[in-house]
Amino acid sequence: MDLTTVREIVDGRSRVPWRPGDAWLAGGTALFAEPGPHLRRLRDLTTWDWQPVTVTGSGVEVAATCTIAELLSFAEAPDGPWPAGRALIARCCRALSSSFKVWNTATVGGNLCAGLPAGAMISLAVALRGTCRVRGLDGRERTVPAAEFVTGAGLTVLRPGELLRAVRLPAAALAERSAVRRVSTHPWGRSVALVTGTHDPVAGGLTVGVTAATTRPVTVCFRRVPSAGELRRALREALTSDLLTEDAHGRAEWRRHLAEHLAHEVRCELAEER
Ligand SMILES: Cc1cc2nc3c(=O)[nH]c(=O)nc-3n(C[C@H](O)[C@H](O)[C@H](O)COP(=O)(O)OP(=O)(O)OC[C@H]3O[C@@H](n4cnc5c(N)ncnc54)[C@H](O)[C@@H]3O)c2cc1C
C-alpha cells in the first residue's frame with residue numbers, strides 16, 4: 001500500500017529528534033499493509049547491521065531486525081543448542097501466517113512492536129521468559145519483560161522515539177520442555193488462539209501462555225503440573241472478557257473455549273513422563 005503522506009525516509013541510526021508522524025521501518029510488512037495517514041517520516045532500521053541471532057552461555061539474543069526466516073533457520077539447524085527451546089521457536093515462526101516471501105522480510109522486532117494479537121514472536125518471547133532491550137534515541141537502554149511489552153491490540157510500552165533493539169531468551173527457559181498448540185480458520189490463516197507451555201522437569205513448574213485469543217499475552221504459572229480442573233479454573237480467572245480478542249476471525253467466547261482446550265492439550269503433553 002502506498003503511504004502517500006510519507007515525505008521522507010531517514011537512516012535509522014540518525015539521532016534527528018523524534019517528531020509526530022515518525023515511525024520506525026523494519027520489514028514494512030505490517031506498516032505498508034494498512035493505511036497510515038498520520039505517518040510523515042520513516043526511520044529505516046535496516047541500516048543497522050545487527051547480528052540476527054547471538055548465542056551466549058546465558059542464552060540467545062535475537063536482534064529486532066532478525067527476520068522470521070533467519071530465526072527459523074537458527075531454530076531448525078541440526079545439532080544446535082537447546083532443542084526444546086528451539087522447537088518452540090520453530091513452531092512459533094511457522095505460526096506466522098503467510099508465505100516465505102513475508103518470512104524473509106518480516107522481522108521479530110516488527111512483530112512484537114506491531115502488537116497484533118496473532119503476533120507469534122510475542123508468543124515465543126513470552127513463553128521463553130524473554131527480556132526486551134528497549135533503546136531511546138540518546139542510546140540509553142532499559143529492559144522490559146516480554147510478558148509486559150505488549151499492553152493491548154497494537155499497543156506496546158514503547159515511548160515516542162524508543163525502539164526495540166533485541167530480545168534476550170535465557171538458557172534456563174530454552175532448556176525446559178515445551179509444547180505449542182494453535183488454531184486458525186485455515187492452514188495458512190492468522191492464529192485465532194495460540195497456547196504455549198513450558199515445563200521445568202527439575203523444579204516441576206509449568207507455565208501456560210495464551211496469545212492470539214487475547215489482545216495481550218496472558219500467562220498462568222504453577223509450581224507443579226496442575227490437574228485439569230486447576231488449569232481450567234486458573235484460565236477462567238485470567239481470561240477476563242475485556243482481554244479476549246473479538247474480530248472477523250473469531251468471537252471472543254469461541255476463542256476462550258479454544259484457549260482452554262489447547263491449554264488442556266499442552267498440559268497433557270507436558271504431564272507425560274519422558
Ligand atoms: C500476508 C501477511 C500475513 C501476516 N500474518 C501475520 C500473522 O500471522 N501474525 C502477525 O502478528 N502478523 C502478521 N502479519 C503482519 C506482519 O507481517 C508481521 O507482524 C511482521 O512480523 C511485522 O514485521 P515487520 O518487520 O515487517 O514490521 P514493520 O511493518 O516494519 O513494522 C511494524 C510496526 O512496528 C514498528 N517497528 C518495527 N520494528 C521496530 C523496532 N525494532 N522498534 C520499534 N518499533 C518498531 C513499526 O513502526 C510499525 O509500527 C502478516 C502480514 C502479511 C503481509
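A quick note: this is a predicted structure, and the numbers were derived from the prediction, not measured.

Trainee: I tried to follow the packing of helix α1 (residues 68-75) against helix α2 (residues 83-95) on my own but got confused; where do I start?
Mentor: A packed helix pair is summarised by two numbers, namely the angle formed by the two axes and the spacing between the axes. Contact pair α1 / α2: the axes reach a minimum separation of 8 Å and the direction vectors enclose 150°. In terms of crossing hand, the pair formed by α1 and α2 is left-handed. Facing α1, whose interface residues are I68, L71, L72, F74 and A75, α2 presents R86, I89, A90, C93 and R94. When grouped by side-chain class, the residues that make up the contact of α1 with α2 number eight nonpolar, no polar and two charged.

Trainee: Teacher, can you tell me more about the domain arrangement of the protein chain here?
Mentor: By convention, interface size is frequently given as the accessible area that disappears when the constituent parts associate. Split into domains, the protein chain comes out as domain 1 (8-40), domain 2 (51-172) and domain 3 (177-270). The interface is formed by 17 residues belonging to domain 2 together with 20 residues belonging to domain 3. Approximately 1700 Å² of surface area, both sides summed, lies buried where domain 2 meets domain 3, with 65% of it carried by carbon and sulfur atoms. Here domain 2 is connected to domain 3 by zero salt bridges. On inspection of domain 2 and its partner domain 3, the count reaches six residue pairs in polar contact (both at pLDDT 80 or more).

Trainee: Whenever I open this one, the site of the ligand confuses me. Can you help?
Mentor: As a structural note, the neighbourhood of the ligand is formed by 28 residues, with W24, G28, T29, L31 and T107 the closest of them. With respect to the ligand, the backbone of W24 contributes an N or O atom lying 2.5 Å from an oxygen atom. Separating an oxygen atom of the ligand from a backbone N or O atom of A26 is a distance of 2.9 Å. Contact with the protein chains covers 86% of the free accessible surface of the ligand, which is 970 Å². Secondary structure elements with two or more residues in the shell around the ligand: β2 (22-25), α4 (108-114) and β10 (163-170). Counting residues per element, the shell around the ligand draws most heavily on α4, at five residues. Broken down by class, the residue content of the shell around the ligand amounts to 17 nonpolar, ten polar and one charged.

Trainee: For this particular structure, what's the right way to read helix α9 (residues 252-271)?
Mentor: Taking 1.5 Å as the rise per residue, α9 with 20 residues should run 28 Å; its terminal C-alpha atoms sit 28 Å apart, in good agreement. Here α9 has its buried residues at A252, R255, R256, L258, A259, E260, L262, A263, V266, R267 and L270. At its buried positions, α9 is contacted by β11 (177-184), β12 (191-199), β13 (206-211) and α8 (228-238).

Criteria and thresholds
Residues numbered from 1 in each chain as written. Predicted model: local features only at pLDDT ≥ 70, side-chain atom pairs only at ≥ 80, totals over all residues. Heavy atoms only, no water. Axes fitted to C-alpha atoms, helices over the stretch in contact; angles between N-to-C directions. Helix = DSSP H or I, 4+ residues; strand = E, 2+ residues; numbered from the N terminus. Left-handed = near helix turned anticlockwise from the far one by under 90°. Contact = heavy atoms within 4.5 Å. Nonpolar A, V, L, I, M, F, W, Y, C, P; charged D, E, K, R; others polar. Domains from an automatic or database assignment. Buried area = accessible area lost by both parts, 1.4 Å probe. Salt bridge = Lys/Arg side-chain N within 4 Å of Asp/Glu carboxyl O. Polar contact = N/O pair within 3.5 Å; in protein donor to acceptor, adjacent residues only side chain to side chain. Near = heavy atom within 4 Å. Areas by Shrake-Rupley, 256 points an atom, 1.4 Å probe, with all protein chains shown as cover. Expected span 1.5 Å × (residues − 1). Buried < 20%, exposed > 50% of the residue type's maximum accessible area, 1.4 Å probe, protein only.

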